[in-house]
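Residue strings, one per chain:
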Amino acid sequence: MGDPEQDPRDLFDLTGHVACVTGASSGLGRRAAMTLAAAGAYVVCVARRHDALDDLKAEVGVGIEVIAADVADRSNLEKLCAEIAAPFGSPDILIHAAGVNTRQSADDVTPEGWDQTLALNLTAPFFLSQAFVPAMKAKHWGRIVNFASLQTTRAFPGGIAYGASKGGIAQLTRAMAEAWSGHGVMVNAIGPGFFPTELTQAVFDDSERAARNAAQTCVARNGELRDIDGPLLFLCSDASGYVTGQVLMVDGGFTAK
């Protein structure tokens with residue numbers, strides 16, 4: 001039995017926590033930033049497009065700051081980490097939502113496309129986390145959420161580089177959990193199904209293809225941005241204090257069929 005005097009709603013309260021969300025200018029990253037801010041966290045949003053970040057800040061208001069930067073640029077990592085920590089202190093919640101899918105077929109993959117995909121989707125989440133974990137260890141509390149994908153376990157046409165990066169995310173999540181969860185840092189991943197984002201715009205522009213994808217789920221629909229809110233809050237809060245090294249598929253049961 002849990003503590004009978006504890007209000008279960010407090011488990012999801014992020015008041016006083018500092019979150020950093022990469023890829024916050026659009027899609028699921030933007031939604032994550034808004035959700036964490038609504039739950040009480042201070043949020044630092046990182047993406048390359050300053051105009052989109054400014055729009056997000058104007059919409060959310062107090063308790064949010066934005067930084068225009070490329071998280072895949074390792075030569076700028078030290079400077080970027082200092083900028084992230086400047087407004088509210090070192091983050092104890094990290095959301096790695098930045099990502100790219102070049103959609104190159106196996107025969108057409110270029111070294112540049114491969115390197116770009118792995119650098120942003122797989123390498124950046126590790127080194128950004130590594131930089132902030134010492135402060136999380138000092139607090140004995142931290143939450144890191146990586147972004148997996150349907151392609152973490154499924155092979156899609158034109159997705160060999162993307163799939164390799166997202167398959168790597170699953171193992172990276174487990175390895176980060178093994179390394180850091182003994183210090184109170186829980187590391188998990190969310191694996192979204194088909195959600196309407198810039199990365200999946202081509203899918204949703206094709207109504208027949210979108211309908212086929214919806215039919216492959218257990219709930220007969222594609223994802224809506226609000227569907228990510230609950231799973232994200234769970235993995236970012238005290239509610240997930242005994243959950244680490246897991247990939248939570250938020251896909252309407254697509255991978256269950």
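Please refer to the structure placed before this passage.
This report concerns the structure included in the present document. (Residues numbered from 1 in each chain as written. Predicted model: local features only at pLDDT ≥ 70, side-chain atom pairs only at ≥ 80, totals over all residues. Heavy atoms only, no water.)

Description of the layout of surface pockets
Applied cut-off: Using a grid of 1 Å spacing that covers the protein atoms alone, one calls a set of points a cavity when a 1.4 Å probe fits there but cannot get out, and a pocket when the set is open and has protein on both sides within 12 Å along at least five of seven lines; lining residues are those with an atom within 4 Å of a point. Grid points are joined across faces, edges and corners, and a volume is the space filled by probe spheres set on the points. Helix and strand definitions here come from DSSP, where helices need a minimum of 4 consecutive H or I residues and strands a minimum of 2 consecutive E residues; each element is numbered from the N-terminal end. Under this grouping Gly is polar, as are all residues other than the nonpolar Ala, Val, Leu, Ile, Met, Phe, Trp, Tyr, Cys and Pro and the charged Asp, Glu, Lys and Arg.
Roughly 1,000 Å³ of internal volume is contained in the largest pocket. Along the wall of the largest pocket there are 45 residues; nearest its centre are Gly99, Val100, Tyr162, Thr197 and Leu199. Only helix H1 (27-38), strand S2 (42-47), helix H5 (160-180) and helix H7 (207-215) provide two or more residues apiece to the lining of the largest pocket. For the lining of the largest pocket, the class distribution of residues is 20 nonpolar, 17 polar and eight charged.

Regarding the pattern of salt bridges
The line we're drawing: One side-chain nitrogen of Lys or Arg within 4 Å of one carboxyl oxygen of Asp or Glu is enough to make a salt bridge.
Tallying each qualifying case throughout the model produces eight salt bridges. Where arginine 30 meets glutamate 59, a salt bridge forms, and the shortest distance between an N and an O atom there is 2.7 Å. Placement of the pair is arginine 30 in helix H1 and glutamate 59 in helix H2 (residues 50-60), with a sequence separation of 29 residues.

Regarding the side chain of aspartate 92
Which entries qualify depends on this criterion: Only protein chains enter the accessibility calculation, which uses a 1.4 Å probe; a residue is then buried when its area is under 20% of its type maximum, exposed when over 50%, and partly exposed in between. Pairing of N or O atoms within 3.5 Å defines a polar contact, subject to two protein rules: one partner must be a possible hydrogen donor and the other a possible acceptor, and residues neighboring in sequence count only if both atoms are side-chain atoms. Between two residues, a contact is recorded if the distance between any of their heavy atoms is within 4.5 Å.
Considering the arrangement of structural elements, one finds aspartate 92 in the loop between helix H3 (77-85) and strand S4 (93-96). A relative accessible area of 1% places aspartate 92 in the buried class. Within polar-contact distance, the side chain of aspartate 92 engages the side chain of histidine 17 at 2.8 Å. A polar side-chain atom of aspartate 92 sits 2.4 Å from a polar atom in the side chain of lysine 139. Residue contacts for aspartate 92: discarding those within four places in its chain leaves His17, Val18, Met136, Lys139, Trp141, Gly142 and Arg143.

Considerations on the side chain of threonine 217
By secondary structure assignment, the location of threonine 217 is in the loop between H7 and helix H8 (229-236). In terms of polar contacts, threonine 217 uses its side chain to reach the backbone carbonyl oxygen of alanine 214, at 2.8 Å. A distance of 2.8 Å separates a polar side-chain atom of threonine 217 from the backbone nitrogen of alanine 220. Here threonine 217 is in contact with Asp251, Gly252, Gly253, Phe254 and Lys257, once residues within four sequence places are set aside.

With respect to the sheet that holds strand S7 (residues 247-250)
Stated precisely, the cut-off is as follows: A pair of strands is treated as paired once DSSP finds two or more bridges between them. Axis lines are fitted through C-alpha atoms, for helices just across the contact stretch, and the angle between N-to-C directions can take any value from 0 to 180 degrees.
With respect to topology, seven strands assemble into an open sheet ordered S3-S2-S1-S4-S5-S6-S7, the strand pairing being parallel. Each edge of the open sheet carries a strand with a single partner, namely strand S3 (64-68) and S7. Between one strand and the next, the sheet's axes are offset by a mean angle of 15°, whatever the strand orientation. For strand S1 (residues 18-22) and S4, the ladder comprises four bridges, and the chain directions are parallel. Within S4, the residue paired with threonine 22 across the bridge is histidine 96. With respect to the sheet, H1 is in contact with S1, S2, S4, strand S5 (142-147) and strand S6 (185-192), its orientation differing from that of S1 by roughly 170°.

With respect to the pairing of S5
Quick reminder of the rule: Seen with the strands pointing away from the viewer, any crossover whose path from the first strand over the helix to the second strand runs clockwise is right-handed.
Here S5 lies mainly inside the structure; six of its six residues are buried. Burial of the side chains of S5 extends over both faces: Gly142, Ile144 and Asn146 are buried on one face and Arg143, Val145 and Phe147 on the other. Summarising the sheet, S4 and S5 pair through four bridges and their orientation is parallel. Within S5, the residue paired with histidine 96 across the bridge is asparagine 146. Once you follow S4 into helix H4 (residues 111-139) and on to S5, the crossover reads as right-handed.

Without other data, these values stay purely geometric and don't point to any function.
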